Amino acid sequence: MANDRPIESYIWQIIKAGLSLTAVILYSQVLGAAGRGSLSIYLLYVQVFLMTNEMFVGSALANWISKFGLRRFLPRIFLVSTLMLFLGGLLGSYLNIFSVDPTKANTGFSPILGLLLAWSLVLILQNVAMNYFQSRGDIVEKNKWLVGFEGLKVVGLLILIFALAKSVVYIDQILMVLVFSGILWVIVCTMRLISLGAFLMPNTSHEESIGYTWNEGMWAQIGQIVLFFIYRIPLFVAARWMGDAAAGILANALLVIDTIWIYANTMGTIIHGRALQFVDPEKQEEITLRFTVFSFWGTLGLIGAVVLLPNSLFTWVFGAEFYQMKSLVIQSAPGIIALALFAPFGNLFHARNQFKKLLQHHALGLGMMVLILIWIYLRIESVRFTHLIWSWNLALSVVMLAHIYGRKFIKKRNLNFILNTLLIYRLFRKKIRL
């Protein structure tokens, strides 16, 4: 049985999210708004770099490792990532966007650029390790390692800020802490991978070519990029049409929504891991339908919990100017529930290497959002949050419907929603009695 216990996996994910938020709060406090903004832009560059790198290594790595083993992909990972880091360094130096004073000519390789490249390398190695655990269905262990990663970052920041009694902390010092913490994590995690035999050649035929995985990886990553656009385009539009303050309010609302989504994404990750372990299509589909119901009711419960929270709590945590946050999260409920339903199907398609199907469905949602935003731009004089939120809700709902009606399961013509709900209810009552 795969090591992917749903509740335990979710608890570890919540701990990870809490530690990640703690790290953000720590370096936000010492850097201030301007420094925090600059660091956010730098880390956004890293995110774009990683998304590009994963066009060639990483998008479907767990699928490939489960079939061919990790060792066959190590040369590709090394060569592609090295080339990408080299090109990233050249581009960063040429654009002169990482120097202390970007108005002056760049006289050399920026220390910040070097630290960002080192941080990118840490995240590339982390991605490889996490995909290895995913390929084994070891979701709980994977989440424990991610918690450890975030924990080391928090400890490093606490040492920098408090133990070293720094009165002024700079961005390069924050990045240095992140890099050193990441390197320590990589060393310990590599020892664990060695103990599991991750770098040994598996006892399978070596004759089958892995050349086709280049094409698969590109299709898989393009689909993920399109979905990323659906998630974040409203934030960009808010900044352009409503101002930076509106973008900040929406960004924090999306932070709350991302926290709610942890549950649905945990269920999806478990489906992905189990689908790689069980080759029987009917078994895969049965698991997917069962966990789709888990995902729906769990997400609905979390939305209900947010509804019960007083609005004063949001303004106390984030500030008085964020008084609209709770309203935005509640208005986003249709989109949140849509993702709770389509995340399990999306993970099954991913495990089955159905990347073109994912891209098609995501593109439908993005197309719907773009059409709505064009209409808003042409017809609405005063754009409000409601316009952006509902374009986002409709886009995610389109993806959900495309996943459900385009799934082409072998036997299951319906979702068995009521039956699976009753089975889950029985399981819940049994656990309560114990």
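All values derive from a computational prediction rather than experimental measurement.

Chemist: Please clarify how the overall build of the protein should be interpreted in this entry.
Modeler: When its secondary structure is counted, the protein shows 15 helices and zero strands. Taken across its 434 residues, the protein has 48% of its residues classed as buried. If you take every contact in the protein between residues at least 6 apart in sequence, the share linking residues at least 24 apart comes to 81%. Surface accessibility of the protein: about 21,900 Å² in total, with carbon and sulfur atoms responsible for 67%.

Chemist: Please explain the packing of helix α7 (residues 213-241) against helix α13 (residues 355-379) as it appears in this structure.
Modeler: Where α7 meets α13, the closest approach of the two axes is 8 Å, and the angle between their N-to-C directions is 20°. The angle between α7 and α13 falls in the class roughly parallel. In the packing of α7 onto α13, the handedness of the crossing is left-handed.

Chemist: Is there a simple way to explain the pattern of salt bridges in this structure?
Modeler: According to the stated counting rule, one finds five salt bridges in the structure shown. Residue K153 pairs with E150 through a salt bridge whose shortest N-O separation is 3.0 Å. Taken as a pair, K153 and E150 lie in helix α5 (residues 139-163) at a separation of three residues, close to a single helical turn. For the pair formed by K153 and E150, the shared burial category is buried. When the shortest N-O distance is used, the salt bridge between E285 and R352 registers 3.0 Å. Here the residue E285 occupies a position in helix α9 (residues 281-308), and R352 occupies one in the loop between α12 (333-351) and α13, the gap between them amounting to 67 residues. Classification of E285 as buried rests on a relative accessible area of 2%.

Chemist: How do you make sense of the packing of α9 against α12 when you look at a structure like this?
Modeler: Two quantities define a packed helix pair, namely the angle between the axes and the distance from one axis to the other. One way to put it is that α9 packs onto α12 with a least axis distance of 9 Å and a crossing angle of 160°. When the axes of α9 and α12 are compared, the pair comes out roughly antiparallel. α12 is crossed by α9, and the crossing has right-handed handedness. The residues of α12 that touch α9, namely those facing Q284, T288, L289, F291, T292, S295, F296, T299, L300 and I303, are A333, I336, I337, A340, L341, P344, F345 and L348. Here the contact of α9 with α12 is composed, by residue class, of 13 nonpolar, five polar and no charged.

Chemist: Can you walk me through the environment of H350 in this structure?
Modeler: Of note, H350 is situated in helix α12. With relative accessibility at 12%, the residue H350 sits in the buried group. Spatially, the C-alpha atom of H350 lies 7.7 Å from that of A220, the residues being 130 residues apart in sequence. Reaching out from H350, the side chain makes a polar contact with the side chain of H272 at a distance of 3.2 Å.

Chemist: Would you mind going over the packing of aromatic side chains with me for this structure?
Modeler: Working definition: an aromatic ring pair is given by the centre-to-centre distance plus the angle between the planes. Summed over all chains, the structure comprises 13 aromatic pairs. Relative to W297, the ring of F296 lies with its centre 4.9 Å away and its plane at 80°, an arrangement referred to as edge-to-face. Classification of F296 as buried rests on a relative accessible area of 15%. When its relative accessible area of 41% is taken as the criterion, W297 is described as partly exposed. Counting every residue linked through ring pairs, the aromatic cluster contains W119, Y132, F133, W145, F149 and W185. Sitting above the plane of the F349 ring, K357 keeps its charged end 4.9 Å from the centroid. Lying over the aromatic face of F409, R407 brings its terminal NZ or CZ to 5.3 Å of the ring centre.

Quick notes on the rules
Think of each chain on its own: its residues are numbered from 1, step by step along the sequence as written. Residues qualify for local features only when their pLDDT is at least 70, as the model is predicted, and side-chain atom pairs are given and counted only at 80 or more; totals for whole chains, interfaces and linings, by contrast, use all residues. Note that water and hydrogens are dropped before the side-chain values are worked out from all heavy atoms of the structure. We count a stretch as a helix when DSSP gives it H or I for four or more residues in a row; a strand needs E for two or more, and each element gets its number in order from the N terminus. In this scheme, a residue with accessible area under 20% of its type's maximum is buried, one over 50% is exposed, and one in between is partly exposed, where area comes from a 1.4 Å probe on protein chains only. We call two residues in contact whenever any of their non-hydrogen atoms come within 4.5 Å of each other. Throughout, the Shrake-Rupley method with a 1.4 Å probe supplies accessible areas, and for residues the shown protein chains are the sole cover considered. Helix axes are fitted only over the stretch in contact, all axes being lines through C-alpha atoms; the angle between N-to-C directions runs from 0 to 180 degrees. Orientation labels follow simple angle bins: below 35 degrees gives roughly parallel, above 145 gives roughly antiparallel, 65 to 115 gives roughly perpendicular, and whatever is left gives oblique. It is the rotation of the near helix from the far one that decides the hand of a crossing: anticlockwise by less than a right angle makes it left-handed, clockwise makes it right-handed. Think of a salt bridge as a Lys or Arg side-chain nitrogen and an Asp or Glu carboxyl oxygen that are within 4 Å of each other. Ten residues, namely Ala, Val, Leu, Ile, Met, Phe, Trp, Tyr, Cys and Pro, are considered nonpolar, four, namely Asp, Glu, Lys and Arg, are considered charged, and the remaining ones, Gly among them, are considered polar. Nitrogen and oxygen atoms within 3.5 Å of one another constitute a polar contact, given that in protein one can donate a hydrogen and the other can accept it, and given that sequence-neighbouring residues count only through two side-chain atoms. Stacked, edge-to-face and tilted are the three classes for Phe, Tyr and Trp ring pairs, Trp counted by its six-membered ring, which pair at centre distances within 6.5 Å; planes under 30 degrees apart are stacked, over 60 edge-to-face, the rest tilted. Either the NZ atom of lysine or the CZ atom of arginine qualifies as a charge over a ring when it sits within 6 Å of the ring centre and within 35 degrees of the ring normal.

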